[in-house]
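# Close look at the chain arrangement
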Amino acid sequence: MIYILEDNPNMNFISAQKYGELKAIFPVGTSVGLSASQIQKQLEISLKDFNDSDFIIPTGDPAIMIIAGWVLGKYTDIISILKWDRANKDKTWAHHVVN
């Protein structure tokens, strides 16, 4: 499974499908604002089945990215991140593993 933190209609995620099924967690424009606990709860629900073969695409509000990393740290020792590779012109993704 590929978890996209924030869906963004201006980004083409189709080429990331080679790593698995895509699932957006938050709609475009979501931010933490004053509701960090609600964001945390939604991430805990959405990422509870995250495992070592899954990936996350960090998009959107940087605060949500930080909370997502903290939540994932409770569920797994390995977090695989897909990041758009801007240097490559054929729309590929760079795979980074954090453990």
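Below: a short report on this structure. (Residues numbered from 1 in each chain as written. Predicted model: local features only at pLDDT ≥ 70, side-chain atom pairs only at ≥ 80, totals over all residues. Heavy atoms only, no water.)

## What about the sheet that holds strand 5 (residues 93-98)?
If you walk across this open sheet you meet the five strands as 2-1-3-4-5, and the pairing is mixed. Among the strands making up the open sheet, the edge pair consists of strand 2 (22-26) and strand 5. Mean inter-strand twist for the sheet, computed between neighbouring axes without regard to direction, equals 30°. Against the sheet, helix 1 (residues 36-46) touches strand 1 (2-6) and strand 2, its axis set at about 160° to strand 2. (Pairing = 2+ DSSP bridges. Helix = DSSP H or I, 4+ residues; strand = E, 2+ residues; numbered from the N terminus. Axes fitted to C-alpha atoms, helices over the stretch in contact; angles between N-to-C directions. Contact = heavy atoms within 4.5 Å.)

## A closer look at the pattern of salt bridges
Within this structure, the stated rule accounts for two salt bridges. Residue Glu44 is joined to Lys74 by a salt bridge in which the shortest nitrogen-to-oxygen separation is 2.7 Å. Of this pair, Glu44 sits in helix 1 while Lys74 sits in helix 2 (residues 62-75), and the two are 30 residues apart along the sequence. We note a salt bridge from Asp49 to Lys48, for which the minimum N-O separation is 3.3 Å. Classification of Asp49 as exposed rests on a relative accessible area of 52%. (Salt bridge = Lys/Arg side-chain N within 4 Å of Asp/Glu carboxyl O. Buried < 20%, exposed > 50% of the residue type's maximum accessible area, 1.4 Å probe, protein only.)

## Concerning helix 2
Structurally, the α-helix is built with 3.6 residues per turn, so residues lying three or four positions apart point the same way. Across its 14 residues, helix 2 extends 20 Å between first and last C-alpha, which sits within 8% of the 20 Å expected from 1.5 Å per residue. Residues of helix 2 that are buried: Ile64, Ile67, Ala68, Val71 and Leu72. Each buried residue of helix 2 lies within a common arc of 135° when the element is viewed along its axis, so the set occupies one face. Looking at helix 2, the residues exposed on the side facing more than 90 degrees away from the buried face are Pro62 and Ile66. Of the surrounding elements, those touching the buried residues of helix 2 are strand 1, strand 2, helix 1, strand 3 (55-57) and strand 4 (79-84). Its side-chain oxygen placed 2.9 Å from the backbone nitrogen of Ala63, Asp61 serves as the N-cap of helix 2. (Expected span 1.5 Å × (residues − 1). Arc of directions from axis to C-beta. Polar contact = N/O pair within 3.5 Å; in protein donor to acceptor, adjacent residues only side chain to side chain.)

## A closer look at the environment of Val98
Examined against the element boundaries, Val98 turns out to sit in strand 5. Considered as a pair, Val98 and Ile78 are 20 residues apart in the sequence and their alpha carbons are 5.7 Å apart. Setting aside residues up to four positions removed in sequence, Val98 forms contacts with Asp77, Ile78, Ile79 and Ile81.

## Section: the packing of helix 1 against helix 2
Between helix 1 and helix 2, the least distance of the axes is 10 Å, while the angle of their chain directions is 45°. Comparing the axis directions of helix 1 and helix 2 gives the class oblique. As helix 1 runs across helix 2, the sense of the crossing is right-handed. Counted together, Ala36, Ile39, Gln40, Leu43 and Glu44 of helix 1 and Ile64, Ile67, Ala68, Trp70, Val71, Lys74 and Tyr75 of helix 2 form the full contact between these two elements. Grouping the amino acids of the contact of helix 1 with helix 2 by side-chain chemistry returns nine nonpolar, one polar and two charged. (Parallel < 35°, antiparallel > 145°, perpendicular 65-115°, else oblique. Left-handed = near helix turned anticlockwise from the far one by under 90°. Nonpolar A, V, L, I, M, F, W, Y, C, P; charged D, E, K, R; others polar.)

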